[in-house]
Amino acid sequence: MYNSKIIGLGKYLPSNVVTNSDLEKIMDTSDVWIQERTGIKERRHIKKGSDDSTSSMGVKASKIALERSGIDAKEIDLILFATLSPDYYFPGSGVLVQDELGIPDCPAMDIRMQCSGFVYALATADQFIKTGMYKNILVIGSEYHSGGLDMTTRGRNISVIFGDGAGAVVITRTKKNDEGILHSQLHSEGKYAKELSLIGPNTGRWVPEIINKNDPNDVSYFPYMNGQFVFKNAVIRFSEVIMKGLEKAKWKPSDIDMLIPHQANLRISQFVQKKFGLSDNQVYNNIQRYGNTTAASIPIALTEAWEEGKINNGSKVILAAFGSGFTWGSITMKW
Ligand SMILES: CC(C)(COP(=O)(O)OP(=O)(O)OC[C@H]1O[C@@H](n2cnc3c(N)ncnc32)[C@H](O)[C@@H]1OP(=O)(O)O)[C@@H](O)C(=O)NCCC(=O)NCCS
């Protein structure tokens, strides 16, 4: 049986920075409100007319991850692409990345688990490596939110939070069972599916029906979030799943070199940090600069933490996520 370990990481953020004061000009919000409630100062939005898309951002992040891994794209055995904002309704974005990278016929699978998407994808990749089925896997998280947000006061509780971007990692097998991904735990609770969702268009209400109605009050094609309910569940589930990871790895909170929480809200990260008695050096946050990029947030933060020298050989790292579904999960790994 093999373990899997990350051997290359990359990120891509669109160049267009949207500050809180930019948002003040188009909706009734304020820099103070956004920073106090979420910690966010700015985020990236793909500029209209630019070539960036969910898959192209994934490709750019992947190219960096591949180069750093020393593995040629053609050696990739599987692509897992986590997103809630795929380029098309179908097919998924994984096959578009495969084509762009010139990988002939490896499987390319999309993972639709929203903010927990990257953790789900990495845990899935790990299983394929553990069984020996595949050797090298490319795992991507990429999101293009900005084009689909309600950028009016009506949608402000959501639209100020989300941003665009992508992160990717290359994982490979190792025979050492004390390095790489040690444990993963995944959960979901479908009874809260609609508390953070985008329900229209759907297979009960197809696009032509929505277009034909042309109802200005129809907000079903914008994301909906029951913010306080999501917040309360997030702090509970983050804490539980980090605790499970610690127990399985037989680590104490003080053993953690780097916790990378999904960047949902700085207040959620700070709550978790306090609960486990972690120092600022043990937790990585970049939501201030990028907002919540859902499935991309963990690989972007992981890449930055690694680039900044905060993750090194032997570092004990925990990834933890919570999001729409509800879904949540964590991964413990030794770098
Ligand atoms: C979204 C969130 C920041 C809102 O913060 P909150 O403290 O719960 O705020 P509320 O939704 O209760 O709204 C409080 C007030 O602020 C207003 N408000 C909402 N968004 C606003 C904005 N962008 N700017 C200014 N005011 C805003 C509301 O209209 C409300 O006004 P009222 O009291 O006059 O009715 C918070 O609920 C949150 O972070 N939830 C979790 C989000 C999350 O993690 N999502 C991703 C999961 S992966």
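Source: prediction; values computed, not measured. (Residues numbered from 1 in each chain as written. Predicted model: local features only at pLDDT ≥ 70, side-chain atom pairs only at ≥ 80, totals over all residues.)

### Side note on the domain arrangement of the chain
Domain assignment breaks the chain into domain 1 (3-174) and domain 2 (180-334). The centre of domain 1, based on its C-alpha atoms, is set 13 Å off from the matching centre of domain 2. Each partner contributes to the interface: domain 1 provides 46 residues, whereas domain 2 provides 42 residues. Secondary structure elements with two or more residues in the side of domain 1 that touches domain 2: strand S1 (3-12), strand S3 (42-44), helix H5 (117-130), strand S6 (136-143), helix H6 (156-159) and strand S7 (165-174). For the side of domain 1 that touches domain 2, the element with the highest residue contribution is H5, accounting for 7 residues. Of the residues that constitute the side of domain 1 that touches domain 2, the class distribution is 19 nonpolar, 17 polar and 10 charged. (Domains from an automatic or database assignment. Contact = placed C-beta atoms within 7 Å. Helix = DSSP H or I, 4+ residues; strand = E, 2+ residues; numbered from the N terminus. Nonpolar A, V, L, I, M, F, W, Y, C, P; charged D, E, K, R; others polar.)

### Quick notes on the sheet that holds strand S13 (residues 327-334)
Sheet architecture is open: 4 strands sit in the order S8-S13-S12-S11, paired in mixed fashion. Looking at the sheet topology across the chains shown, the edges are occupied by strand S8 (180-188) and strand S11 (258-261). Neighbour-to-neighbour, the strand axes of this sheet turn through a mean angle of 10 degrees, independent of strand direction. Examined bridge by bridge, strand S12 (residues 316-323) and S13 share 8 bridges and lie antiparallel to one another. Residue pairing across strands places alanine 320 opposite serine 330, the latter belonging to S13. Contacts from H5 reach S8, S12 and S13 within the one sheet, and its direction differs from that of S13 by about 55 degrees. Across the sheet, helix H11 (residues 297-307) touches S11 and S12, and the angle it forms with S11 is around 150 degrees. (Pairing = 2+ DSSP bridges. Axes fitted to C-alpha atoms, helices over the stretch in contact; angles between N-to-C directions.)

### Comments concerning the packing of helix H3 (residues 54-69) against helix H4 (residues 93-101)
At a minimum axis separation of 9 Å, H3 and H4 run at an interaxial angle of 50 degrees. It follows from the interaxial angle that H3 and H4 lie oblique. By crossing handedness, the relation of H3 to H4 is classed as right-handed. Counted together, Thr54, Ser55, Gly58, Val59 and Ser62 of H3 and Ser93, Leu96, Val97, Glu100 and Leu101 of H4 form the full contact between these two elements. (Parallel < 35°, antiparallel > 145°, perpendicular 65-115°, else oblique. Left-handed = near helix turned anticlockwise from the far one by under 90°.)

### Some words on the packing of helix H8 (residues 227-249) against helix H9 (residues 266-275)
At their nearest, the axes of H8 and H9 sit 10 Å apart, and the two run at 40 degrees to each other. One element, H8, and the other, H9, form an angle in the oblique class. The two elements H8 and H9 cross, and the hand of that crossing is right-handed. Residues Phe231, Ala234, Val235, Phe238, Ser239 and Ile242 of H8 form the contact with H9, whose participating residues are Ile268, Phe271, Val272 and Lys275. Of the residues contributing to the contact of H8 with H9, the split by class is 8 nonpolar, 1 polar and 1 charged.

### Focus on the site of the ligand
Contacts to the ligand come from 22 residues, most closely from Thr29, Arg156, Asn157, Gly227 and Ala264. If one sorts the elements of the shell around the ligand by residue count, H8 sits on top with 5 residues. Here the shell around the ligand spans two domains, and each of domain 1 (3-174) and domain 2 (180-334) adds at least three residues to it. (Near = placed C-beta within 6 Å.)

### Some details on the environment of threonine 124
The residue threonine 124 is located in helix H5 in this model. On the basis of neighbour counts, which here come to 19 C-beta atoms within 10 Å, the residue threonine 124 falls in the partly exposed class. Taking the C-alpha atoms as reference points, threonine 124 and serine 184, separated by 60 residues in sequence, lie 9.3 Å from one another. (Buried ≥ 20, exposed ≤ 12 C-beta atoms within 10 Å, placed from the backbone.)

### So, the nonpolar core
Counting 89 residues, the largest nonpolar core has Leu80, Ala82, Ala125, Ile137, Val139, Ile260 and Leu319 as the members making the most contacts within it. For this core, the leading source of residues is H5, giving 9 residues. Setting aside residues up to four positions removed in sequence, valine 139 forms contacts with Leu80, Ala121, Leu122, Ala125, Ala168, Val169 and Ile171. (Core = buried A, V, L, I, M, F, W, Y, C linked by C-beta atoms within 7 Å.)

### With respect to the sheet that holds S1
Strands sit in the order S1-S7-S6-S4-S5 across an open sheet of 5 strands; the sheet is mixed. With one partner strand each, in any of the chains shown, S1 and strand S5 (108-111) form the two edges of the open sheet. The sheet shows a mean angle of 20 degrees between the axes of neighbouring strands, direction not considered. Strand direction decides the pairing type here: strand S4 (residues 78-82) and S6, joined by 5 bridges, are parallel. Its bridge partner lying in S6, alanine 82 is registered against glycine 141. H3 rests against S1, S4, S6 and S7 of the sheet, and its axis sits at about 125 degrees to S1. Each of S1, S4, S5, S6 and S7 is contacted by H5, which is oriented at about 160 degrees to S4, the strand it contacts most.

### Focus on the pairing of S12
In terms of burial, S12 is largely enclosed, as 7 of its 8 residues are buried. Judged from the 4 bridges that link them, S11 and S12 form a sheet pairing that is parallel. Counterpart to isoleucine 260 in the pairing with S12 is leucine 319. Counting the residues in the hairpin turn of S12 and S13 gives 3 residues, including glycine 325, whose phi is positive at 145 degrees.

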